[in-house]
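Working through the structure, step by step
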Amino acid sequence: MKSRLRQMLVCVLVLSHAGTDVPLASAEAPVPIPIPEIAADSLLEAPPGFEATPQELEAFWALAGERLIRARELATKIVQKHPDSYVGHFVLGEAEHDAEANFPRAVFHLERALALFESKHGGEPDPTAPWRWHTRILLSLAFAYGDIEEHEKKLALIARYNEVYDPDRLADRAWPLMKLRKFREARAAAVEGMKTEDPRQREIALNALCAVEFEAGNDLASYEACKRAMDNAKNLGADLDPADLMNFAEASRSVFKLDEAERIDREASEASVAWYGNPWSELAELYLREARFGEALSALKEIPEYRSQRPPHVRESDRNENRRALSAFFVVMGRPHDALRITGKALVAPDRRGHNSRDPAQDLSVAALLDRSAHILSAERALENAVAEPWYARLLVRVESWWERVLAWMSGRRAVRAIGDEQRLSGSFRIGTAKAAVMPPFLAGDLVRVLGSGPARAAIAKARSTDKRPKAQAYYDAFEGEAALLAGDDGALRLLARAERDLPDAEQLLRARVLALSFEAKRARGDDRGAMLDLERAMQIDPGLVRRLRMTVPVRITYSGNEVASDVRDALARSPRFDDDGTGFVIQIKADRSGGEACLRGTSGAVLACGRASAKANESAAIVVDKLVDDFHQRAFMPGIDLSQSDASSLDGSNLRGNEQDLSPLLEGEME
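The following paragraphs examine the structure supplied in this document. Fair warning: this is a prediction, and the values are worked out from it, not measured in the lab.

Glancing now at the overall build of the protein. Within the protein one finds 32 helices and 5 strands. Counting every position in the protein, which comprises 672 residues, the buried fraction comes to 58%. Of the contacts made within the protein by residues no fewer than 6 positions apart, 66% connect residues no fewer than 24 positions apart. If you sum the accessible surface of the protein, you get close to 26200 Å²; carbon and sulfur atoms cover 51% of it.

Once that is clear, we can look at the sheet that holds strand β2 (residues 578-580). Read from one edge of the open sheet, 5 strands run β2-β1-β3-β4-β5, paired in mixed fashion. Two strands bound the open sheet, and with one partner strand each, they are β2 and β5 (607-614). Direction aside, the axes of adjacent strands within the sheet are offset by 25° on average. In the sheet, strand β1 (residues 553-561) pairs with strand β3 (residues 585-592) via 7 bridges, with the strands oriented parallel.

What follows covers the pairing of β1. Where β1 lies against β2, 3 bridges are found, and the strand directions are parallel. When the bridges of β2 are listed, valine 555 appears paired with aspartate 580. One crossover worth recording links β1 to the parallel β2 by way of helix α28 (residues 563-574), and it is right-handed.

This paragraph deals with the packing of aromatic side chains. A complete count under the given rule lists 16 aromatic pairs for this structure. Between phenylalanine 60 and tryptophan 133, the aromatic rings sit 5.3 Å apart at their centres with planes inclined by 85°, giving edge-to-face as the arrangement. Here phenylalanine 60, found in helix α2 (residues 54-64), pairs with tryptophan 133, found in helix α6 (residues 131-147); they are 73 residues apart in sequence, far enough to count as distant. In terms of burial, phenylalanine 60 and tryptophan 133 fall into one category: buried. Geometrically, the ring pair formed by phenylalanine 578 and phenylalanine 632 is tilted, given 5.8 Å between the ring centres and 35° between the ring planes.

Turning our attention to the packing of helix α23 (residues 473-486) against helix α24 (residues 492-502). Interhelical geometry of α23 versus α24 gives an angle of 150° and a closest axis separation of 8 Å. Looking at the two axes, α23 sits roughly antiparallel to α24. When the axes of α23 and α24 are compared, the crossing they make is left-handed. Across the interface between the two elements, Ala474, Asp477, Ala478, Glu480, Gly481, Glu482, Ala484 and Leu485 of α23 pack against Ala492, Leu495, Leu496, Arg498, Ala499 and Asp502 of α24. Of the residues contributing to the contact of α23 with α24, the split by class is 8 nonpolar, 1 polar and 5 charged.

Cut-off values and rules
Residues numbered from 1 in each chain as written. Predicted model: local features only at pLDDT ≥ 70, side-chain atom pairs only at ≥ 80, totals over all residues. Heavy atoms only, no water. Helix = DSSP H or I, 4+ residues; strand = E, 2+ residues; numbered from the N terminus. Buried < 20%, exposed > 50% of the residue type's maximum accessible area, 1.4 Å probe, protein only. Contact = heavy atoms within 4.5 Å. Areas by Shrake-Rupley, 256 points an atom, 1.4 Å probe, with all protein chains shown as cover. Pairing = 2+ DSSP bridges. Axes fitted to C-alpha atoms, helices over the stretch in contact; angles between N-to-C directions. Right-handed = clockwise from strand over helix to strand, strands pointing away. Phe/Tyr/Trp six-rings, centres within 6.5 Å; stacked < 30°, edge-to-face > 60°. Parallel < 35°, antiparallel > 145°, perpendicular 65-115°, else oblique. Left-handed = near helix turned anticlockwise from the far one by under 90°. Nonpolar A, V, L, I, M, F, W, Y, C, P; charged D, E, K, R; others polar.

The structure is reproduced here in structure tokens:
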């Protein structure tokens, strides 16, 4: 869930010129409305309670007008000349926060501003003092503490503010209390905020209550609270805040209303830019779950542009969420090296989570599982690419692929260590809930394999026993079915069949995994035809799954042509992807020195993939064989993307061989 508190309290301030008789109790709060054009001769003016030197006011108006570099320059000069200027330190703190995203430095200057003010005017300034500066400093410091996850200090400053000034900021306490896992107190604070007549307090309270119930594990209550927050914004007649929309979309996913989640996230993508969360990232993950690969790619292309529109200090708030979506896409697309570039950063550079309600340990676990999958994928692709090479080259590649599997094992252990306690471990299988963080359903089976059958089944059973969501049972059947299959349990096929029957239609990648596992279970029972039909269905949804699960496809290889076709046949028979046992699918090869084609046909007779190659001038037969074998592997085990749907030309203006598109613009956007 995403907080909108800091966004609502952004220091774009409009201060009314109230009379001198305004009491301290009516100190106004910062409001998120544009600052009007200010005439040059008004820069030296200040409303009562906001007195300062002309130089200090000039620095502040630059800050309020979002001329942050100018504000910092002016404030630096003030502090150098007058180290005891609390206004100078306040402006410097805000500039460091908003322009540099240097939150610790911002806290330093804001703490200094507060100490200087209170040493001169006291902690409860009288109405003749410049008390408005006190309100700004208290609130700015409170929210800066929230940014660095110092929620106890944030609560203490809000409490001090409420002691001195009215109206109380009651709802603002709910978010830090929730981050401290004090759900009862957080819920009470939100309720108190909703009882006030202040529409912004009610808005903050509803947003916080949505996250509180989600984090507390009350999924249905969270769904209702998130809907109330969204409806409240609509009733106010104001533009919908994308944070409210994305929170409701997340709540919709938690109760498996995936169509509703897509609709709301699309609406969020058309609203103003969110400071926390990115609707395009959420849409990309949703489309990937649904095997809508072209639309997932289109959504991913929007992430860098959306992120670039944010103020600097919030661009890092959800970078790993974007990395997770991007790396998961690259894994499913069969691009391990691109995925590893992303997961490598995600594992060492966590997000700033002060305004997001995620458990960092769960985030780390998901990143590690994606890293594991990418290493496995890298090992398998290397073995496939070497099948047409001489024996000594294949031997070297085997050593390299062994090392990739070692790295995959290490990432798997890291994933388990991150969620080593019983609550997190079982919670990882509660798809869509706060306990599962952002676990993609199709990736949960990898956690089963890392844990081993026994521990995984125990964790799944615990999660299942406390989950009251009606549609959740199909997911537990899928995960338990995989664990049972690993253990050689005869009940695996029953669980997998039930999961395949009851999973939501939109959950396509998980369905493909269930079908691939059913293939293995049925083959073990001797039901070869039923097994091959399941595998064919799985590959039509997610052909790369065969590679990621290190599966071997039974095939009968036929060929026609000269020795080139025979060499292609021999190379494919050596492939770790195929078992040329004369059953199952059919590989048909037609090739000669000028080029050729290799096609994979399913049990139904449908063409699942075709690889092609043509010889250039002076290319040897060995090169033709290598090109054809490589292209066949890629087309057989990589999802096809409708280029008109994904608009690949917007990425680099061209496409590489077949489906192998150049996605470097996505990586460049991620690196900004």
